[in-house]
Amino acid sequence: MAEAWWAVARSEEVTSAKPINVDIGNQPVVLWRDAQGIVRALEDRCPHRRTPLSLGCVLGNGMIQCGYHGWTYDGATGHLKDIPNLKSDVKFPPVYRAIPFAVSETGGFVRVCLDANAPAPLPAAVTLPLCGTVNVALDHEHYIAALFDDPSAVIGIRGVRFTPYLLAELAEHEGKLVLERSCQWAGLHWPSPFSSDFPITLRISTDPVTGECDLLLRDDGFHPLLSATLAPVPAARGVTQIRWRAKLSDNRPGMRAKLLGAGPPFFVRSNIDGAALRVLKPSASIHAATLRNEIAARTAAASAA
Amino acid sequence: MLDVKDAISADDYVDPITADPREFAAKVNAWVPHDIVLKDAWFPLAHSFAVTDKPVRRAIYSQPFFLWREGGTAVAAEFHPADADKPTKSHYSDDAARYPVIEKYGYVWCWFGDPANAAPEHIPSIPYLPEDGGLPLHMLGTVRFDCTAPLSLENLIDLTHADFLHADVVGDEKMDKETVEVFHDSETITMVRTCVNKSVAPIMKIFGGVKVDVQQVRQVIRIYLRSHAAIAYGRFSPGDNVQLFHPCVPETRDRTRLDYAINTTNVKKTNLFRYMMPKASYKVSRQDSYMTSPQSPRYMNPEKRKDLHSPLDEAGQKYRVLMLALAERQAQGDFAYRDNVSADCSQIIGYDGK
Ligand code: FES
Ligand SMILES: [Fe+2]
């Protein structure tokens with residue numbers, strides 16, 4: 001958790017008008033944009049009297065000011081810069097600081113790493129235009145398992161039905177957990193258990209630590225129809241916060257593929273049907289833990305060498 | 001045990017505040033207010049008007065207190081008179097399950113602790129409240145905080161927060177000079193904040209008829225530690241004095257009840273401030289709660305990281321140390337009052353009867 005980059009916000013959500021609060025597990029984080037437009041992240045706890053800094057405000061100079069007694073912090077370092085009532089120019093000793101976190105903004109996501117010195121992740125090539133944020137009362141691990149076992153439990157794609165059949169079971173590809181599922185267009189047709197071939201597939205490629213997923217819907221001609229990124233982050237009380245972005249491909253051959261654009265093509269559920277989830281058979285997700293452990297062990301061995 | 005003078009002469013009591021600064025800092029940072037439960041104190045559990053023939057229920061640290069009147073006299077009991085199956089009584093009440101009660105300053109005060117130690121001289125002195133009550137109802141009210149009582153009091157004694165949290169009621173931090181002085185004994189702490197040419201409180205501008213832009217301010221907060229009761233006395237020139245009694249009753253370790261009295265009888269009857277100032281509590285208390293409510297769970301357990309302090313926090317730090325000192329003494333079985341809380345404190349708070 002400490003070294004991972006968590007996509008805790010979409011770029012649109014972070015402004016210099018008002019700081020926002022997010023969390024990474026049990027760690028509350030305050031985010032805002034400074035005077036240069038750079039996103040800053042500090043522990044959401046004023047070291048003076050422990051109140052959330054997100055209840056304060058962003059000053060014109062881009063620093064964050066606690067709403068309780070006005071202590072003012074620099075976002076890059078977390079250093080205390082001003083106690084307004086002191087009316088003096090004294091420099092504060094270095095222990096007078098809020099804990100800063102590393103921030104990286106790319107591809108329309110704001111990612112935070114709890115290790116302030118972590119090297120920045122690779123920049124994204126594109127920013128997908130459609131986006132949203134959803135809070136789900138299901139913990140991070142089970143959320144990702146549900147996505148693997150039956151995507152319809154957590155997401156939906158316009159006019160697409162996910163079948164129980166996989167073209168590739170969960171396996172590691174270049175450090176990611178990847179699976180590919182057969183899909184049908186919704187509507188009346190020959191039942192999936194008796195179908196020889198399926199017109200579309202959904203490929204899910206998941207980061208083994210953060211669970212951040214790239215989704216790719218393709219037709220049987222290998223034309224990409226829809227790409228999406230789903231970023232589930234463990235939040236307080238077992239809630240999972242999901243930020244997502246998506247884009248429809250411009251050229252989508254076929255009537256059904258064109259109709260993907262007839263309304264919002266992609267959504268993430270905010271309510272999960274507990275009755276259905278309880279009886280959802282663990283299948284594609286069964287080996288996820290083993291695969292993650294293998295990857296983690298290999299990464300650890302590599303960094304030790 | 002209750003003989004105050006004896007206790008002072010015959011012991012090796014060390015003022016926790018004059019002790020070694022390192023030890024002082026260690027105590028300040030060992031502050032877990034949620035764990036402090038002080039005994040042998042009077043708590044103002046209800047405004048006098050709220051206690052009638054029909055019992056009302058109050059609580060101190062979850063201990064039940066039922067208050068009603070018998071032949072006009074306020075009484076307090078551990079059980080509701082209609083409670084048929086009397087549960088086992090605690091040692092906080094007498095054989096008849098009654099608590100010691102005194103009615104003073106327009107409040108019904110109940111004793112929390114050993115009933116044998118209850119004595120009228122442990123009721124705090126509140127110079128600007130009439131001893132036999134009788135303030136009009138619009139000067140009295142109740143507000144609640146979902147935080148531990150010591151955090152509410154720490155909030156009160158640290159007035160620099162007002163310039164940020166309550167700027168729209170009492171004015172912002174702009175002023176030429178600010179000084180904070182702190183006095184204490186073993187049972188009380190008093191903070192005096194003086195501001196030179198401070199922005200006029202908006203409430204005084206709007207309702208108080210103050211026309212100028214700056215005013216001279218002297219604010220006093222005096223906390224009676226055991227009773228969790230505070231005096232907030234402000235002198236404003238130009239402007240009217242503010243005479244607030246601010247008792248923070250710990251209903252549970254994480255919930256606070258404030259039955260306040262704000263005596264504005266000193267303000268002219270034609271001045272709206274007389275009627276509006278008491279109502280400001282409703283707004284101001286929600287602003288405080290906005291901060292103290294998220295603070296409270298963060299002060300429930302010992303915390304390795306020290307809070308950071310500024311020179312303006314002297315009073316709050318001393319409040320912590322004095323509370324801890326009382327708690328430590330009580331843990332060792334010493335419940336005596338070393339200082340007299342009922343002695344008139346007019347001089348200390350700078351109240352001249354006007
Ligand atoms: S708690 Fe943040 S300035 Fe005091
Ligand atoms: Fe306040």
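Residues numbered from 1 in each chain as written. Chains lettered and ligands numbered in written order. Predicted model: local features only at pLDDT ≥ 70, side-chain atom pairs only at ≥ 80, totals over all residues. Heavy atoms only, no water.

**Re the overall build of chain A**
Now for step 1: The secondary structure content of chain A amounts to four helices and 19 strands.
Now for step 2: Each principal axis of the C-alpha distribution contributes one length, and for chain A these read about 80 × 45 × 35 Å.
Now for step 3: Burial statistics for chain A: of 305 residues in total, 50% are counted as buried.
Now for step 4: Partitioning the intrachain contacts of chain A with sequence separation of at least 6 by distance along the chain shows that 54% fall at a separation of at least 24.
Now for step 5: A total of about 14,200 Å² of accessible surface is found on chain A, and carbon and sulfur atoms cover 56% of it. (Helix = DSSP H or I, 4+ residues; strand = E, 2+ residues; numbered from the N terminus. Buried < 20%, exposed > 50% of the residue type's maximum accessible area, 1.4 Å probe, protein only. Contact = heavy atoms within 4.5 Å. Areas by Shrake-Rupley, 256 points an atom, 1.4 Å probe, with all protein chains shown as cover.)

**What to know about the coordination of the iron ion (ligand 2)**
Residues and elements named next belong to chain B.
Now for step 1: Around the iron ion (ligand 2), the protein contributes the donor atoms H161 (NE2), H166 (NE2), D288 (OD) and D288 (OD), at 2.2 to 2.4 Å from the metal centre.
Now for step 2: Taken together, the four donor atoms coordinating the iron ion (ligand 2) span angles of 57 to 144 degrees at the metal, a pattern that classifies the geometry as irregular.
Now for step 3: Each donor residue of the iron ion (ligand 2) belongs to the same chain, with the gaps between them written as H-x4-H-x121-D. Like H166, H161 is buried. (Donors = N, O, S within 2.8 Å, 3.2 Å for Na, K, Ca; no water. Tetrahedral: all angles 85-135°; square planar, octahedral: opposite > 155°, others 65-115°.)

**Here's the deal with the interface of chain A and chain B**
Now for step 1: Listed per partner, the contact involves 26 residues of chain A and 30 residues of chain B.
Now for step 2: Summed over both partners, the interface of chain A with chain B buries about 2,600 Å², with 52% contributed by carbon and sulfur atoms.
Now for step 3: Among the residues of chain A in contact with chain B, R49(A), R50(A) and Y68(A) are the three that bury the most area, contributing 33% of the side total.
Now for step 4: For the pair chain A and chain B, the interface holds five salt bridges.
Now for step 5: Among the salt bridges present, the one from R50(A) reaches D307(B), with a minimum N-O distance of 2.8 Å.
Now for step 6: Scanning the region where chain A abuts chain B turns up 15 residue pairs in polar contact (both at pLDDT 80 or more). (Buried area = accessible area lost by both parts, 1.4 Å probe. Salt bridge = Lys/Arg side-chain N within 4 Å of Asp/Glu carboxyl O. Polar contact = N/O pair within 3.5 Å; in protein donor to acceptor, adjacent residues only side chain to side chain.)

**A word on the sheet that holds strand 9 (residues 102-106) of chain A**
All names here are of chain A.
Now for step 1: Taken in spatial order, the three strands of this open sheet run 1-10-9, and their pairing is antiparallel. Across the chains shown, the open sheet's two edge strands, defined by having one partner strand only, are strand 1 (5-10) and strand 9. Going across the sheet, the axis of each strand differs from the next one's by a mean of 30 degrees, ignoring polarity.
Now for step 2: Taken together, the five bridges between strand 9 and strand 10 (residues 109-113) define a ladder with antiparallel strand orientation. In the strand pairing of strand 10, S104 is matched with R111. (Pairing = 2+ DSSP bridges. Axes fitted to C-alpha atoms, helices over the stretch in contact; angles between N-to-C directions.)

**Some remarks on the packing of helix 2 (residues 21-29) of chain B against helix 8 (residues 314-331) of chain B**
Residues and elements named next belong to chain B.
Now for step 1: Running from N to C, helix 2 and helix 8 cross one another at 85 degrees; their axes reach a closest spacing of 9 Å. By the angle class used here, helix 2 and helix 8 are roughly perpendicular. On the side of helix 2, the interface is formed by F24, K27 and V28, while helix 8 contributes Q317, K318, R320, V321, L324 and E328.
Now for step 2: When grouped by side-chain class, the residues that make up the contact of helix 2 with helix 8 number four nonpolar, one polar and four charged. (Parallel < 35°, antiparallel > 145°, perpendicular 65-115°, else oblique. Nonpolar A, V, L, I, M, F, W, Y, C, P; charged D, E, K, R; others polar.)

**Things to note about the pattern of salt bridges**
Residues and elements named next belong to chain B.
Now for step 1: Following the criterion strictly, the structure yields 35 salt bridges over all chains and no others.
Now for step 2: Across the salt bridge formed by R193 and D163, the nearest N and O atoms sit 2.8 Å from each other. Taken together, the positions of R193 in strand 10 (residues 188-199) and D163 in helix 4 (residues 162-165) put the pair 30 residues apart, joining distant regions of the chain. Here the two residues R193 and D163 agree in accessibility, since each one is buried.
Now for step 3: Two residues, R226 and E187, come together in a salt bridge whose shortest N-O distance is 2.8 Å. Within this pair, whereas R226 is found in the loop between strand 11 (214-224) and strand 12 (229-237), its partner E187 is found in the loop between strand 9 (177-184) and strand 10, the two being separated by 39 residues in sequence.

**Looking at the side chain of R181(A)**
Now for step 1: As for its placement among the helices and strands, R181(A) is situated in strand 14 (residues 176-185).
Now for step 2: Among the polar contacts listed, one links the side chain of R181(A) to the backbone oxygen of T163(A), at a separation of 2.9 Å.

**As for the domain arrangement of chain B**
All names here are of chain B.
Now for step 1: One can read the domain layout of chain B as domain 1 (40-134) and domain 2 (139-349).
Now for step 2: Here the C-alpha centre of domain 2 lies 25 Å away from the C-alpha centre of domain 1.
Now for step 3: Domain 1 puts 27 residues into the contact, and the matching count from domain 2 is 34 residues.
Now for step 4: Interface area, domain 1 with domain 2, both sides summed: about 2,500 Å², of which 63% is carbon and sulfur. (Domains from an automatic or database assignment.)

**Regarding helix 3 (residues 149-157) of chain B**
Now for step 1: For helix 3 of chain B, the tally of buried residues reaches nine of nine residues, placing the bulk of the element in the interior.
Now for step 2: Within helix 3 of chain B the residues assigned to the buried category are A149(B), P150(B), L151(B), S152(B), L153(B), E154(B), N155(B), L156(B) and I157(B).

**So, the pairing of strand 15 (residues 200-206) of chain A**
Residues and elements named next belong to chain A.
Now for step 1: Judged by how many residues are buried, strand 15 sits mostly within the fold: six of seven residues are covered.
Now for step 2: For strand 14 and strand 15, the ladder comprises seven bridges, and the chain directions are antiparallel. Each bridged residue has a counterpart across the sheet, and for R181 the counterpart in strand 15 is L202.
Now for step 3: Where strand 15 meets strand 16 (residues 213-219), seven bridges bridge the pair, whose relative direction is antiparallel. Among the inter-strand pairings, S205 is bridged to a residue of strand 16, identified as D214.

**Concerning the sheet that holds strand 6 (residues 101-104) of chain B**
All names here are of chain B.
Now for step 1: Strand order in the open sheet made by the three strands is 1-7-6, with antiparallel pairing throughout. On the outer flanks of this sheet lie strand 1 (41-47) and strand 6, each paired with one strand and no other. For this sheet, the mean angle separating the axes of adjacent strands, direction not counted, is 35 degrees.
Now for step 2: In the sheet, strand 6 pairs with strand 7 (residues 107-112) via four bridges, with the strands oriented antiparallel. Each bridged residue has a counterpart across the sheet, and for V101 the counterpart in strand 7 is C110.

**Here we look at the packing of helix 3 of chain B against helix 8 of chain B**
Residue and element names in this part refer to chain B.
Now for step 1: For the pair helix 3 and helix 8, the least separation of the axes is 8 Å and the interaxial angle reads 150 degrees. Judged by the inter-axis angle, helix 3 sits roughly antiparallel to helix 8. With respect to the hand of their crossing, helix 3 and helix 8 are arranged in right-handed fashion. Within the contact between the two elements, helix 3 uses P150, L153, E154 and I157 and helix 8 uses A315, G316, Y319 and R320.
Now for step 2: Taken together, the residues that form the contact of helix 3 with helix 8 break down as five nonpolar, one polar and two charged. (Left-handed = near helix turned anticlockwise from the far one by under 90°.)

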